[in-house]
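Here is what each chain is made of, one letter per residue.
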Amino acid sequence: MEKPVIAIDGPAGAGKSTVARALANYLNLRYLDTGAMYRAFALRLHRLEQLEAEDLVAAFGEARISFGTGTPPPVFLDVEDVSEAIRMPEIGELASRLSAIREVRVLLLRQQQEIVADGGVVLEGRDATTVIAPNANLKIYMTASLEERARRRSREFSAKGLEEDFRDVRSQIEQRDHRDINRQDSPLTVAPDAEIIETGGKSIDAVINEIVELLHQRAGGHGRTDV
Ligand code: DC
């Protein structure tokens, strides 16, 4: 498998970004955080105060979302590095709401598929395994209990100096799950050929080992060092 595509989906806080990033690094593949693209879109519209606009895609205008190089790759909105700004809780919330709009998905899907077309990438999101890369070499559905995911998100916010109430974080995640799972267009779902990985209580390394092992099985190889 020369330039494998590994697609990872799962609910908020399941550990997808941390694992996908480390996995891409370990396997020397590119990393695509598709949620960051929805977040950048949300940030732009948030700043424009254009949320009532009928045509959100037109309101988004000519703005361009791109990724720089680095670990993790910085996210650019035009020439501005928005890597930090898109992590604000209200932007995540808005991204989830915008992501239910078909026109928004069509616009971002095109860009995501262009990035994935050359192979050699670990991508993660909500429809990575089902819509963006249905032919991925390996599909993973990563999950953990609501409590565990809320604890992780709270720790991430604290590390950034954002003191969010745990119950608020948990209920935001719950609402987000509900919206992401129940939307009409490309909802979060387990692809029939996806491997389900429960990340609760596991270290990042343990999860990466599991994925590398699965990749070997798909490629017909044995052991972690052959990748
Ligand atoms: O993974 P994240 O929290 O950064 O994603 C933010 C929101 O973007 C998420 O709640 C739903 C949406 N999203 C999506 O609909 N499809 C994707 N492939 C990735 C994210």
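Read on for an overview of the structure. (Residues numbered from 1 in each chain as written. Predicted model: local features only at pLDDT ≥ 70, side-chain atom pairs only at ≥ 80, totals over all residues. Heavy atoms only, no water.)

## Considering the overall build of the protein chain
Secondary structure assignment for the protein chain yields 9 helices and 8 strands. For 227 residues, the compact-globule estimate of 2.2 N^0.38 gives 17 Å, and the C-alpha radius of gyration of the protein chain, at 17 Å, lies within 12% of that figure. Counting only C-alpha atoms, the protein chain reaches 55 × 40 × 35 Å along its principal axes. Relative to its full complement of 227 residues, the protein chain shows a buried share of 46%. Sequence-distant contacts, at least 24 apart, represent 71% of the contacts inside the protein chain between residues at least 6 apart. Carbon and sulfur atoms provide 47% of the accessible area of the protein chain, an area that totals close to 11,300 Å². When the 29 basic and 37 acidic side-chain charges of the protein chain are each reduced to a single mean position, those positions are 2 Å apart. (Helix = DSSP H or I, 4+ residues; strand = E, 2+ residues; numbered from the N terminus. Rg over C-alpha atoms; globule rule 2.2 N^0.38 Å. Buried < 20%, exposed > 50% of the residue type's maximum accessible area, 1.4 Å probe, protein only. Contact = heavy atoms within 4.5 Å. Areas by Shrake-Rupley, 256 points an atom, 1.4 Å probe, with all protein chains shown as cover. Lys, Arg positive; Asp, Glu negative; His and termini not counted. Charge placed at Lys NZ, Arg CZ, Asp CG, Glu CD.)

## Structural notes on the nonpolar core
Judged by nonpolar contacts, the single largest core of 34 residues is most densely connected at Phe41, Phe60, Ile65, Ile86, Leu108, Val116 and Leu123. At the level of elements, β1 (5–9), α2 (34–48), α3 (56–60), β4 (75–77), α4 (89–98), α5 (102–116), β6 (121–125) and α6 (128–132) are the ones that each hand at least two residues to this core. At 8 residues, α2 tops the list of elements feeding residues into this core. Ala20, Leu138, Met142 and Leu214 belong to the second largest nonpolar core, which has 20 residues in total. (Core = buried A, V, L, I, M, F, W, Y, C linked by side-chain atoms within 4.5 Å.)

## Focus on the environment of Arg152
With respect to the helices, strands and loops of the structure, Arg152 is situated in helix α7 (residues 146–159). Residue Arg152 is classed as buried on the basis of its relative accessible area, which comes to 16%. Placed 17 residues apart in sequence, Arg152 and Val169 show a C-alpha to C-alpha distance of 9.9 Å. Residues within four places of Arg152 in sequence aside, it is in contact with Gly13, Ala14, Gly15, Ala144, Thr199 and Gly200.

## Describing the pairing of β6
Judged by how many residues are buried, β6 sits mostly within the fold: 5 of 5 residues are covered. With burial as the criterion, each face of β6 is covered, one bearing Val121, Leu123 and Gly125 and the other bearing Val122 and Glu124. Both β1 and β6 contribute to a ladder of 5 bridges, which runs parallel. Directly across from Ala7, in β6, lies its bridge partner Leu123. Two strands pair when backbone bridges link them, and strand β2 (residues 30–33) and β6 are joined in this way by 4 bridges, in the parallel orientation. Bridge pairing links Leu32 to Leu123 in β6. (Pairing = 2+ DSSP bridges.)

## Quick look at unusual backbone geometry
Residue Pro72 follows Thr71 across a cis peptide bond; omega there is -5°. When you line up the elements, Pro72 lands in the loop between β3 (65–67) and β4. In this structure, Asp78 is a non-glycine residue whose phi angle is positive, near 55°. Tracing the backbone shows Asp78 in the loop between β4 and β5 (80–81). Even without glycine at this site, Ser186 takes up a positive phi of about 50°. If you trace the backbone, Ser186 turns up in the loop between α8 (166–182) and β8 (195–198). Its relative accessible area of 13% is what places Ser186 among the buried residues.

Fair warning: the whole summary comes from geometry, so function is off the table for now.
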